[in-house]
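# Results of the structural survey
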Amino acid sequence: MEETIATSLVYEAGAEVEELKASEEAIDFLSSIESAELQKCLFSDTLVTVSEGGREVGDFNVTVERVTRGEEACLMLHANSHGAIDDTPCGTAITAYLSKNLETLEQNYHEYVKLQGQRLEKMCHMVKLDGQMVVKKVIAIGEEVKKESVSYPLSSLRGLVTEGSNLLLLRLLALKKRVPGNMTFISFDQDAHITHSTYSELGQREQVVGYEAVEVFGMERTVGSVDDIPATWHCYFLSDGHLASRVQVGSPVTMRLQQLPPQALTEAMDDKPAFEKMPLVWEDDMQMHSQFLDRKEELKADHASYLRQHPELRALMADFLQFLLLRKPNDVFQFAREYFLPFSSRRPPGTTFNTSLP
């Protein structure tokens, strides 16, 4: 690397970081989380990233599981997103170790953007250590690397929700199907400055997942910024806590669930009204039989007209069948492909019929 810039900063209790505090409602919510609620959140989500034009440009995955970190039982959340925005490759990966009350024990965050001619990377590692939250940042732009280390007293971070614990918090709120009032937490912005994050309800709406229309519950999360404008996300969830869609307001891409999880699919099918199936014998129905005959004659006339307008079709098919019966290939599909290949304007170079052996 050509250049490395390193800075270190320690905030003491009583400094200005205490000016920002989480609401009592937010702190009470975190302290009230029960193990049974967390157990319902131990699953994986897989979404597809879709552009405004409907093109698939990436994927988004989240997994939550119980693990042991050192000798401490905790939850591990792993999330990653990879794709392209405006044809620029980019991605994010998060691994967080969380307590039962969503306290961040350790978190690794890695973000990259492959710009033309160089690569931009942001890495942030935070760990709870000796009564402090130690945050180390690394920003690499091409060959230039900037490092920064910041420590905050844990007493100033009551009600902290990081990028990792946020994804689990959203699952818990989705399972409750409501967001309590005044849900204001402490968070870090992109530059690791302490800021506020707020959560509010967006209500319910209908979303098509696969071939099923399902009810989803929406929430809005807004994270403030010291040096930039706030960032806002809209997330919608199925009734079982699975993420159905996620979008950052202003972004040209949306993450969407493409297929219902097995349990949600069963519930969606059960919600549909059941009707007794009646055998249909259309030949016995005079109206349907008449419509069938009319449609049959209409198609015959249409096909005959097309053949009259294209007499070359009969000659082409006759030549193909004659050649097919002469060669008697084992792979009829490959033979047909090579026979008709010369008629294609995008014919690749090569000799026709060089692999069509009988």
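Below, the structure is looked at part by part. (Residues numbered from 1 in each chain as written. Predicted model: local features only at pLDDT ≥ 70, side-chain atom pairs only at ≥ 80, totals over all residues. Heavy atoms only, no water.)

Looking now at the nonpolar core. Of all hydrophobic cores here, the largest spans 42 residues; its most connected members are L102, L168, L169, L173, F185, Y199 and M219. The element contributing the most residues to this core is helix α3 (residues 163-176), with 7 residues. The contacts of F185, once residues within four sequence positions are left out, are A22, A26, L30, G159, V161, L169, T195, H196, S197 and Y199. Counting residues in each nonpolar core, the second largest holds 16 residues, with I94, C124, L157 and L160 among its members. (Core = buried A, V, L, I, M, F, W, Y, C linked by side-chain atoms within 4.5 Å. Buried < 20%, exposed > 50% of the residue type's maximum accessible area, 1.4 Å probe, protein only. Helix = DSSP H or I, 4+ residues; strand = E, 2+ residues; numbered from the N terminus. Contact = heavy atoms within 4.5 Å.)

At 3.6 residues per turn, the α-helix brings residues three or four places apart onto the same side. For helix α7 (residues 332-340), every residue scored as buried is listed here: F335, A336, E338 and Y339. Buried residues along α7 cover an arc of 170 degrees about the axis, so they all sit on one side. Of the residues flanking the start of α7, the one acting as N-cap is D331, its side-chain oxygen 3.2 Å from the backbone nitrogen of F333. (Arc of directions from axis to C-beta. Polar contact = N/O pair within 3.5 Å; in protein donor to acceptor, adjacent residues only side chain to side chain.)

Tallied over the full model, the rule gives 8 aromatic pairs. Ring plane angle 55 degrees and centroid distance 6.0 Å describe the contact between F323 and Y339, whose orientation is recorded as tilted. Taken together, the residues F323 in helix α6 (residues 312-327) and Y339 in helix α7 connect sequence positions 16 residues apart. Cluster of aromatic residues (ring-pair linked, three or more members): F320, F323, F335, Y339 and F340. The ring of F43 carries the charged tip of R171 above its face, separated from the ring centre by 3.9 Å. (Phe/Tyr/Trp six-rings, centres within 6.5 Å; stacked < 30°, edge-to-face > 60°. Lys NZ or Arg CZ within 6 Å of the ring centre and 35° of its normal.)

With the rule as written, the count across this model stands at 9 salt bridges. With a shortest N-O distance of 3.0 Å, E298 and R295 are connected by a salt bridge. Residue E298 and its partner R295 are both found in helix α5 (residues 286-309); the two are separated by 3 residues, about one turn of the helix. (Salt bridge = Lys/Arg side-chain N within 4 Å of Asp/Glu carboxyl O.)

What follows deals with the side chain of S23. On the secondary structure map, S23 appears in the loop between β1 (3-10) and α1 (24-31). Here N182 takes part through its backbone oxygen, which lies 2.6 Å from a polar atom of the side chain of S23.

Glancing now at unusual backbone geometry. Even without a glycine there, the phi angle at K177 is positive, about 60 degrees. Look at K177 and you get partly exposed, because its relative accessible area is 39%. In the Ramachandran plot, K328 falls in the positive-phi region, its phi being about 50 degrees despite a non-glycine side chain. Examined against the element boundaries, K328 turns out to sit in the loop between α6 and α7.

This paragraph deals with the pairing of strand β3 (residues 56-69). Summarising the sheet, strand β2 (residues 44-51) and β3 pair through 7 bridges and their orientation is antiparallel. Counterpart to S44 in the pairing with β3 is T63. Count of turn residues in the β2/β3 antiparallel hairpin: 4 residues, of which G54 carries a positive phi of about 90 degrees. Of the pairings in the sheet, the one linking β3 to strand β4 (residues 72-85) comprises 12 bridges and is antiparallel in character. Following the sheet pairing, N61 is matched in β4 by N80. Hairpin connection from β3 to β4: 2 residues lie between these consecutive antiparallel strands, with G70 at a positive phi of about 70 degrees. (Pairing = 2+ DSSP bridges.)

Interhelical geometry of α6 versus α7 gives an angle of 130 degrees and a closest axis separation of 11 Å. Accordingly, the angle class assigned to the pair α6 and α7 is oblique. Seen along the crossing, α6 lies across α7 with a hand that is right-handed. Here α6 contributes L316, D319, F320, F323, L324 and R327 to the contact with α7, which in turn contributes V332, F335, A336, Y339 and F340. Of the residues belonging to the contact of α6 with α7, the class tally is 9 nonpolar, no polar and 2 charged. (Axes fitted to C-alpha atoms, helices over the stretch in contact; angles between N-to-C directions. Parallel < 35°, antiparallel > 145°, perpendicular 65-115°, else oblique. Left-handed = near helix turned anticlockwise from the far one by under 90°. Nonpolar A, V, L, I, M, F, W, Y, C, P; charged D, E, K, R; others polar.)

By the secondary structure assignment, N166 is in helix α3. Within polar-contact distance, the side chain of N166 engages the side chain of Y199 at 2.7 Å. In this view, N166 contacts V161, Y199 and R221; residues no more than four positions away in its chain are not counted.

Before going further, it helps to examine α3. For α3, spanning 14 residues, the distance from its first C-alpha to its last is 21 Å, which sits close to the expected 20 Å at 1.5 Å a residue. Counting buried residues along α3, 12 of its 14 residues qualify, which places the element largely inside the surrounding structure. A positive backbone phi angle near 60 degrees is found at K177, which sits one or two residues after α3. (Expected span 1.5 Å × (residues − 1).)

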